[in-house]
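These are the residues of each chain, in order.
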Amino acid sequence: MTTTRRAALLAAPALLLGSRLARAQAWPTRPIRIVVPYTPGGVSAITARLIAEPMAAALGVAVPVENRPGADGVIGTEVVARAPADGHTLALVSVGHPVNAAFYNLPYDTMRGFTFISLTTKTPLVLCAARNFVASTPAALVAHAKAHPPGHVTFAGTGGVVRLAPVLFAQQTGIEMTYVPYRGSTQAHPDLISGRVDIMFDTVPAALPHIRAGTLKALATTGATRAPQLPDVPTLGESVAGFEASTWGMVMGPANLPAPVLDRLHREITAAVTRPDVVARHQQLGAEVVTSNPDETRSFVQAEMEKWGNAARAAGVRPQNAG
């Protein structure tokens, strides 16, 4: 091999790295799209729109938000998985991202297919029942279930973590309950209020109006700390050690985002979501603003994937084709 050819081969990696660094330093060169793989109106969509404006001001480009619902978030998430790793396409996803790995045969890898940037929010669930249900505490619920044949207690579920949180609860307390499926909270609430189904682990924003109206009662919330909207309601972890089940929001991009782009995105996303007005709006929604660095975010998602995957297997869930 000639000296000239050897030098060229040795220089090639450096030239490639230099090219990538140059592209990263020029970023952003066009609008940064935030894909929300769910319908408008949910916490994820609201968060995306709340952070888009300050991000646009800081980065000097438009930050449009695009709702791409379908297949419990799989369709929109695939759009981001297949996008160029240049920092111009992001996703704001929920706990459904790791949960979907248990429910579907996915067209992307839940962990390796993405660059995880930061958590944005956490929203606890609330264990609720009709106001005249026999149990008013988690301990009383467990005692009631154990005093009857397995499966006597029924729970409403709407898919995802709302479907799996009762399974996790049953696993940790040694009881068995019967799953009654519903398409959404609004379809489940009439049966829950009337007592045709016994309990439900619902999101706080969805259940709170019924709790305040007195048609449902809250037995416990499922966050690490008590929910500000229900300060007198204990956490489930106060009676079932270690129990926590929350919905959450998180921003991610395609795999292999350049480090300078990732660092800038993390800085601007966390700055936007922690603005006082953004924090206050999330509090109105029953959500807590949280942030994390990319390594923490990846570890968190991995732990969630394992937790809910184990719960899904215990429930007999078999992955289906998405769509």
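Summary of the structure given here. Computed from a predicted model, the values in this text were never measured in an experiment.

Looking at the side chain of Thr222
In step 1: Among the secondary structure elements, Thr222 is positioned in the loop between strand S9 (216-221) and strand S10 (246-254).
In step 2: At 2.8 Å, the side chain of Thr222 and the backbone nitrogen of Leu125 are in polar contact.
In step 3: For Thr222, the side chain forms a polar contact with the main-chain oxygen of Ala245, separated by 2.3 Å.
In step 4: Thr222 has contacts with Pro124, Leu125, Phe201, Leu236, Phe243, Glu244, Ala245 and Ser246, leaving out every residue within four places of it along the chain.

Considering the side chain of Lys217
In step 1: Tracing the sequence through the fold places Lys217 in strand S9.
In step 2: For Lys217, the side chain forms a polar contact with the main-chain oxygen of Phe133, separated by 2.6 Å.
In step 3: Residues within four places of Lys217 in sequence aside, it is in contact with Leu127, Cys128, Ala129, Ala130, Arg131, Asn132, Phe133, Ala135 and Ser136.

Description of helix H2 (residues 43-59)
In step 1: Across its 17 residues, H2 extends 24 Å between first and last C-alpha, which sits within 8% of the 24 Å expected from 1.5 Å per residue.
In step 2: Phi turns positive one or two residues past the end of H2, at Gly60, with a value near 80°.

Quick word on helix H6 (residues 160-173)
In step 1: A rise of 1.5 Å per residue sets the reference length of H6, with its 14 residues, at 20 Å; its end C-alpha atoms lie 21 Å apart and thus fit the reference within 8%.
In step 2: Counting buried residues in H6 gives eleven out of 14 residues, a clear majority hidden from the surface.
In step 3: By the burial criterion, the buried members of H6 are Val161, Val162, Arg163, Leu164, Ala165, Pro166, Val167, Leu168, Phe169, Ala170 and Thr173.
In step 4: Positive backbone phi, approximately 75°, marks Gly174, located one or two places after H6.

Describing the pattern of salt bridges
In step 1: Taken as a whole and judged by the stated rule, the model has eleven salt bridges.
In step 2: Taking the shortest distance from any N to any O, the salt bridge between Glu78 and Arg82 comes out at 2.8 Å.
In step 3: One network of salt bridges, in which partners are shared, links Arg33, Glu66 and Arg68.

Section: the pairing of strand S5 (residues 114-130)
Consecutive residues of a regular strand have side chains that alternate between opposite faces of the sheet.
In step 1: A large share of S5 lies buried, amounting to 16 of its 17 residues.
In step 2: Pairing between S5 and S10: nine bridges, direction antiparallel. Note that in S10 the partner of Phe116 across the bridge is Met252.
In step 3: With two bridges connecting them, S5 and strand S11 (residues 288-289) associate as antiparallel partners.

Brief notes about the nonpolar core
In step 1: By size, the foremost hydrophobic cluster in this structure holds 95 residues, and its most contacted members are Met55, Leu141, Phe169, Ile199, Phe201, Leu265 and Trp308.
In step 2: Take this core: its biggest share by element is nine residues, from S5.
In step 3: If we skip the residues at most four places from it in the chain, Phe169 touches Leu141, Val142, Ile175, Met177, Phe201, Leu236, Val240 and Phe243.

Rules and cut-offs
- Residues numbered from 1 in each chain as written.
- Predicted model: local features only at pLDDT ≥ 70, side-chain atom pairs only at ≥ 80, totals over all residues.
- Heavy atoms only, no water.
- Helix = DSSP H or I, 4+ residues; strand = E, 2+ residues; numbered from the N terminus.
- Polar contact = N/O pair within 3.5 Å; in protein donor to acceptor, adjacent residues only side chain to side chain.
- Contact = heavy atoms within 4.5 Å.
- Expected span 1.5 Å × (residues − 1).
- Buried < 20%, exposed > 50% of the residue type's maximum accessible area, 1.4 Å probe, protein only.
- Salt bridge = Lys/Arg side-chain N within 4 Å of Asp/Glu carboxyl O.
- Pairing = 2+ DSSP bridges.
- Core = buried A, V, L, I, M, F, W, Y, C linked by side-chain atoms within 4.5 Å.

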